Amino acid sequence: MRRGLFITVEGPDGSGKSTQIEYLRNFFSERNTECLFTREPGGTAIGEKLRDIILDRNNREMCDMTEALLYAASRAQHVNQLIRPVLEAGGIVICDRFIDSSIAYQGYGRSLGDSVRLINELAVGDCMPDVTFLLELSPKEGKSRIEENGQDRLEQEKIEFHNRVFEGYEKIADLYPERFVRIDAGRDRMTVKKDILEHMEHILRDRGF
Ligand code: TYD
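By convention here, each chain's residues receive numbers from 1 onward along its written sequence. Local features in a predicted model are, by the rule used here, given only for residues with pLDDT of at least 70; side-chain atom pairs are given and counted only at 80 or more, and totals for whole chains, interfaces and linings are based on all residues. The basis for every side-chain value is the complete set of non-hydrogen atoms in the structure, without hydrogens or water.

**Some remarks on the layout of surface pockets**
Inference 1: Here the term cavity refers to a set of points on a 1 Å grid, laid over the protein atoms alone, in which a 1.4 Å probe fits but cannot get out; the term pocket refers to an open set having protein on both sides within 12 Å along at least five of seven lines, with lining residues being those that place an atom within 4 Å of a point. Grid points are joined across faces, edges and corners, and a volume is the space filled by probe spheres set on the points. Estimated volume of the largest pocket: approximately 580 Å³.
Inference 2: For the largest pocket, the lining is made up of 26 residues, of which Asp-13, Lys-17, Asp-96, Arg-97 and Glu-155 are closest to its centre.
Inference 3: Each helix is a run of DSSP H or I of at least 4 residues and each strand a run of E of at least 2, with the numbering of both proceeding from the N terminus. Elements with a contribution of two residues or more to the lining of the largest pocket: helix H1 (17-31), helix H2 (45-55), helix H3 (64-88) and helix H4 (99-109).
Inference 4: Across the lining of the largest pocket, the residue classes break down as seven nonpolar, eight polar and 11 charged. In this classification, the charged set is Asp, Glu, Lys and Arg, the nonpolar set is Ala, Val, Leu, Ile, Met, Phe, Trp, Tyr, Cys and Pro, and all remaining amino acids, among them Gly, are polar.

Here's what the structure looks like:
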């Protein structure tokens, strides 16, 4: 029986996700509430190695299904080695990207469709997030926030790819309204922060943390 609280943070590239996760870290530390912060792809030693392969700009020949399977492989390791044990012990986990990233980026962005959900169901089993924050930002605005130089293999993709990713996120959020908290990420970062932290206070109170 799982007892903990599993929260994921999702959003397109440039949505300010990393900044908001840093605010969440401070929030938890000031509240003295223990919480495991982790990220995907990565989160474990094996996962970080897979991350390097997936995001390497030199891996131009990687086919879409390889990419999807590598993300799912990294996730399977992450769930089994790190996330599930913490949740079973009653802890809180906050994960920067999870299954919805694969559905949005590989399922919609790469147009691999429902196969992505299927391989990811194998990877995560019953370990699904309780709450998912979705930082919503138009792809155009997202892309303009990312500098050309530091872009990884996924960020380098054309605007059409990012449009499909955005549409994918919207569809998933419509499908699971009870799990998703939609955040307008087009506002200034302090307003976004306030919004997220208010939701977080409620979530923690409701779950007895
Ligand atoms: P990262 O540098 O962590 O980007 P961000 O700060 O935006 O999270 O790189 C992760 C990239 O991998 C990002 O472009 C989204 C992509 N991604 C997928 O395509 N599928 C996935 O399942 C995951 C977890 C990430």
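What follows picks up the thread again.
**Focus on empty space enclosed by the protein**
Inference 1: Scanning all chains against the criterion turns up one cavity of 30 Å³ or more.
Inference 2: As for the largest cavity, its lining consists of Pro-12, Asp-13, Pro-139, Gly-142, Lys-143, Ile-146 and His-162.
Inference 3: In terms of residue class, the lining of the largest cavity is built from three nonpolar, two polar and two charged.

**Quick notes on the environment of Val-93**
Inference 1: With respect to the helices, strands and loops of the structure, Val-93 is situated in strand E3 (residues 92-96).
Inference 2: Since its relative accessible area comes to 0%, Val-93 is described here as buried.
Inference 3: When the C-alpha atoms of Val-93 and Leu-82 are compared, they prove to be 9.4 Å apart, with 11 residues separating the residues in sequence. The cut-offs for exposure are 20% and 50% of the maximum accessible area for each residue type, with area from a 1.4 Å probe on protein chains only; residues under the lower value are buried, those over the upper are exposed, and the others partly exposed.

**Thoughts on the pattern of salt bridges**
Inference 1: Take a side-chain nitrogen of Lys or Arg and a carboxyl oxygen of Asp or Glu: if they are within 4 Å of each other, that pair is a salt bridge. Enumeration according to the criterion identifies 21 salt bridges in this entry.
Inference 2: Between Asp-64 and Arg-110 there is a salt bridge, with its nearest N and O atoms 3.7 Å apart. Separated by 46 residues along the polypeptide, Asp-64 in helix H3 and Arg-110 in the loop between H4 and helix H5 (115-124) bring together distant segments of the chain.
Inference 3: Given the relative accessible area of 32%, Asp-64 is considered partly exposed.
Inference 4: Between Glu-67 and Arg-153 there is a salt bridge, with the nearest N and O atoms lying 2.9 Å from each other. You can see Glu-67 sitting in helix H3 and its partner Arg-153 sitting in the loop between helix H6 (139-145) and helix H7 (159-175), a full 86 residues away along the chain. With respect to class, Glu-67 is no different from Arg-153; both count as buried.
Inference 5: When salt bridges with common partners are traced through the structure, they connect Asp-64, Glu-67, Arg-110, Arg-153 and Glu-157 into a single cluster.

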